[in-house]
Structure formats: C-alpha cells, structure tokens
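Residues per chain are reported as follows:
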Amino acid sequence: MAGGILVIGSLNCDYVATVPRMPAPGETITGDHLEIHPGGKGANQAVAAGRMADASVEVHMLGCVGRDAAGALLLDSVRRAGVETAGIRELDDAPTGSALIWVTDSGQNSIVVIPGANALLSPDDIRAQEALYWKTRVALLQLETPLDTVGAALELGRQRRLITILDPAPAQPLPYEILQHVDLLTPNETEAALLLRETPRALTIDDAYSMGQRLLDLGPRSVIVKLGAEGAVFLNRLQRFHEPGFAVRAVDTTAAGDTFNGALAAAIAEGMDIQPAVRFACAAAALSVTRRGAQPSVPSREDTDALLRANPAS
Ligand code: RIB
C-alpha cells in the first residue's frame, strides 16, 4: 500500500566552485567557474523523493528558509519536483541557509554550511505541522537542523507508527535517545565510523557488515551502510545483504547520498521490498554522480528505471 513521504530538514543555496584541486590551508588557488544551485540535504532528499515517487505518493517537506532570493530559488526547485511546501516556513529575521562547495576535477567535494534559517526549525514547528503525519508512511530526516528538532520529529514519527529514516549527515555521534526512534539508519562510511567513535576509513563489504552490526546495538532497527561505488549493505536482526553499485563515470558526488535516501523513501512508500528498494536507491545515486550540482543532478524516475533494466539483478 502506498502512503506519503514527509521530509524534515534543511534547504541551502549552494555556491559551487570548480577547482583543479583542494586548496591547502593558507593557500589561494584559481578555480574554473562558480555555479549557484538549490541544495541542502533536506531539500535534495525531498526533490529526489518527488522525482522518484509514483503519482500515488505525496511528498511534503518541513523546513525554514529566509524571505529572500535564495529562499525563493529553493521553494521553486522543490515545488517543481512535485513537493508540497506548505510546511516550509519563510522567516523575516534569518537568511536562507547557504553552502560553500569546492568540487575538484576528479569529482571530490568539500562543503562548508552556514545554517541560517535552518537553525530555527524547532520542535514547535514539528508539533504545529503534526497533521501532516497522518498523511505520511515514511518520515525522512538528516542532521542539518537542530538535534532536538530531529529528536522530536523522530519520536512523533515512531508514535504515529511511521517508517522513520535517518541519514546521519553531516557526520556526528548520536545518543540512544535519538537512535531508538529510527527504523532505518543510512550512514556512509565516514558517518558510520563517527557514530561508532572510530577513525573513518574505506570499508570492505565485511567491514561494513561488522560496523552495521555495531550500529544496530546503538538503537536503530535496521542499518544501510552506503559504500559509494561499491553500493550498499543492509542489515537488521533477521536479514542482511549487499547490493553492488553501478559502473558510471563520476563528475560530482555532491548529493549522491541525498539522492539515495530520497529514492529509498520513494521505493519504501510505494511498498517495494527492502532489497529492490536498496537496489533502486543505488541506481538513482549512481546516476546523480554523473551530473554536476545537488538538485540539478537528481535523476528522473524514467532514467533510474532504464538503468535498472539495463543491469538486471543477478
Ligand atoms: O549533501 C549535499 C548538500 O550538503 C549540499 O547541497 C549542501 O547544501 C550541503 O547541505
């Protein structure tokens, strides 16, 4: 049975400089060009869910922007992806969040976020929009809004028996009080390590299973460790599997994780089983790294289905 998706999170205006390499501390380098794109982990995930989900799934977003040009750009972008924006508050006393992004020729990125209005999304905003929870099957959150708001939103989601997904990005350790309300935790390699208070490193599939097992002990009911080009591993107390990645040429990895999460939420809301849902999310994320920018890189449902048809599951 299909149901709605509620994305709760950040909206940022991304200022993206393309550079030959990352500058060293104290160094000035010359970049190639500057682009301005709609971004923010919450908005990127809402756009991905909106582009991916079939017509039976409504996508709503809760968040805050400033009443400024960047806020208007963000609202327009999420609306054009079919996302309902009545839950996005426009603030007179704070600017829209922004992100300064460096992308190298090899597709690597570094990001500095200035939260702006995102820092003002409060637990009261969640309670004020509680009616949206009745339309929702999947609640999708990240960590670019205050942690007490994330906690309140997850707790309400669990009370309403929604499927709660938390993308623990940007990476940080999280308390049991938050993780106990998470059905599906979706860290990448770095986030998995920091949640476990370990030093980040590249993971083998076996490492990812072992870390996933230890992450389950922190409170979530299921874990997906995202492994970039190597796909993702899923595990809970009953089931575990690895879905391989798709071979593509990466030009910009910005928002690949966001695309994964939005596509995953769409697949789950449509009622897909978890293994095909993870495969669908891997395909969408693979397509996103072949394009520049955050929201401009999120593929369509048609392109994602075509990639899956061209690479049947083995
Ligand atoms: O995950 C990518 C996003 O991180 C960017 O769009 C940027 O806004 C930061 O939030």
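Before reading on, note that the structure itself is shown above.
Quick summary incoming for the structure in this document. (Residues numbered from 1 in each chain as written. Predicted model: local features only at pLDDT ≥ 70, side-chain atom pairs only at ≥ 80, totals over all residues. Heavy atoms only, no water.)

**Some remarks on the packing of aromatic side chains**
The description of an aromatic ring pair uses the distance of the two centres, along with the angle that the planes make with each other.
Here is step 1 of the chain: Counted according to the given criterion, the structure contains 1 aromatic pair.
Here is step 2 of the chain: Ring geometry for F234 and F241: centres 5.1 Å apart, planes at 15°, overall stacked.
Here is step 3 of the chain: Among the residues examined, F234 registers a relative accessible area of 3% and is labelled buried.
Here is step 4 of the chain: Here the basic side chain of R240 rests over the ring of Y209, its NZ or CZ set 4.6 Å away from the ring centre. (Phe/Tyr/Trp six-rings, centres within 6.5 Å; stacked < 30°, edge-to-face > 60°. Buried < 20%, exposed > 50% of the residue type's maximum accessible area, 1.4 Å probe, protein only. Lys NZ or Arg CZ within 6 Å of the ring centre and 35° of its normal.)

**Things to note about unusual backbone geometry**
Here is step 1 of the chain: Residue P170 follows A169 across a cis peptide bond; omega there is 0°.
Here is step 2 of the chain: Within the secondary structure layout, P170 lies in the loop between β10 (163-166) and α5 (176-179).
Here is step 3 of the chain: Look at A255: it is not a glycine, yet its phi comes out positive at around 75°.
Here is step 4 of the chain: Here A255 shows up in the loop between β14 (240-243) and α8 (256-269). (Helix = DSSP H or I, 4+ residues; strand = E, 2+ residues; numbered from the N terminus.)

**Side note on the pairing of strand β2 (residues 12-19)**
Here is step 1 of the chain: With 6 of 8 residues buried, β2 is to be regarded as a mostly interior element.
Here is step 2 of the chain: In the sheet, β2 pairs with strand β3 (residues 33-39) via 7 bridges, with the strands oriented antiparallel. Bridge pairing in β3 links V16 to E35.
Here is step 3 of the chain: In the sheet, β2 pairs with strand β7 (residues 97-104) via 8 bridges, with the strands oriented parallel. By the bridge assignment for β7, V16 is matched with I101. (Pairing = 2+ DSSP bridges.)

**Describing the site of the ligand**
Here is step 1 of the chain: Close to the ligand lie 13 residues; D14, G40, K41, E144 and D258 are nearest.
Here is step 2 of the chain: A distance of 2.8 Å is found between an oxygen atom of the ligand and a side-chain nitrogen or oxygen belonging to K41.
Here is step 3 of the chain: Note that an oxygen atom of the ligand is positioned 3.0 Å from one of the side-chain N or O atoms of N44.
Here is step 4 of the chain: For the ligand, whose free accessible area comes to 280 Å², the fraction covered by protein is 96%. (Near = heavy atom within 4 Å. Polar contact = N/O pair within 3.5 Å; in protein donor to acceptor, adjacent residues only side chain to side chain. Areas by Shrake-Rupley, 256 points an atom, 1.4 Å probe, with all protein chains shown as cover.)

**Re the pairing of strand β8 (residues 109-114)**
Here is step 1 of the chain: Where β7 lies against β8, 6 bridges are found, and the strand directions are antiparallel. Within the sheet, the bridge partner assigned to I101 lies in β8 and is I111.
Here is step 2 of the chain: Linking β7 back to β8 in an antiparallel pair, the connection comprises 4 residues, with G107 at a positive phi of about 95°.

**Some words on the side chain of S222**
Here is step 1 of the chain: Here S222 lies in strand β12 (residues 222-226).
Here is step 2 of the chain: Given the relative accessible area of 10%, S222 is considered buried.
Here is step 3 of the chain: Separated by 3.4 Å, the side chains of S222 and N236 make a polar contact.

**A look at the pattern of salt bridges**
Here is step 1 of the chain: Summed over all chains, the structure comprises 18 salt bridges.
Here is step 2 of the chain: Each of E198, R201, D207 and R214 takes part in a single network of salt bridges with overlapping partners. (Salt bridge = Lys/Arg side-chain N within 4 Å of Asp/Glu carboxyl O.)

**Regarding α8**
Every α-helix carries 3.6 residues per turn, so stepping three or four residues along brings you back to the same face.
Here is step 1 of the chain: Here α8 contains 14 residues, and its C-alpha end-to-end distance of 20 Å stays within 8% of the 20 Å for a straight helix at 1.5 Å per residue.
Here is step 2 of the chain: Among the 14 residues that make up α8, 13 are buried, leaving the element largely enclosed by the rest of the structure.
Here is step 3 of the chain: Looking one or two places after α8, you find G271, whose phi comes out positive at around 95°. (Expected span 1.5 Å × (residues − 1).)

**Topic: the layout of surface pockets**
Here is step 1 of the chain: In this structure, the largest pocket occupies an estimated 1,300 Å³ of space.
Here is step 2 of the chain: Lining of the largest pocket is provided by 44 residues; of these, N109, N188, T253, A256 and G257 occupy positions nearest its centre.
Here is step 3 of the chain: Counted by class, the lining of the largest pocket contains 20 nonpolar, 16 polar and 8 charged residues.
Here is step 4 of the chain: What the second largest pocket holds in volume is close to 170 Å³.
Here is step 5 of the chain: Looking at the second largest pocket, the residues that line it are R137, I163, D183, L184, S222, F234, N236, I268, G271, M272, D273 and I274.
Here is step 6 of the chain: By residue class, the composition of the lining of the second largest pocket is 6 nonpolar, 3 polar and 3 charged. (1 Å grid on protein atoms, 1.4 Å probe; cavity = no way out; pocket = protein on both sides within 12 Å on 5 of 7 lines; lining within 4 Å. Points joined across faces, edges and corners; volume = space filled by probe spheres on them. Nonpolar A, V, L, I, M, F, W, Y, C, P; charged D, E, K, R; others polar.)

**Focus on the nonpolar core**
Here is step 1 of the chain: Counting residues in each nonpolar core, the largest one holds 53 residues, and the members touching the most others are I5, F260, L264 and V278.
Here is step 2 of the chain: The greatest single-element share of this core, amounting to 11 residues, is contributed by helix α9 (residues 274-288).
Here is step 3 of the chain: Leaving out residues up to four positions away in the same chain, F260 has contacts with I224, K226, A232, V278, A281, C282 and A285.
Here is step 4 of the chain: By size, the runner-up hydrophobic cluster in this structure holds 40 residues, among which are L143, L154, V182 and L203. (Core = buried A, V, L, I, M, F, W, Y, C linked by side-chain atoms within 4.5 Å. Contact = heavy atoms within 4.5 Å.)

**Here's the deal with empty space enclosed by the protein**
Here is step 1 of the chain: Per the counting criterion, the structure on display carries 1 cavity of 30 Å³ or more.
Here is step 2 of the chain: Computed from the structure, the largest cavity encloses a volume of approximately 40 Å³.
Here is step 3 of the chain: Looking at the largest cavity, the residues that line it are V16, T18, H33, E35, H37, V103, D252, R292 and G293.
Here is step 4 of the chain: Sorting elements by how many residues they give to the lining of the largest cavity places β3 first, with 3 residues.
Here is step 5 of the chain: Across the lining of the largest cavity, the residue classes break down as 2 nonpolar, 4 polar and 3 charged.

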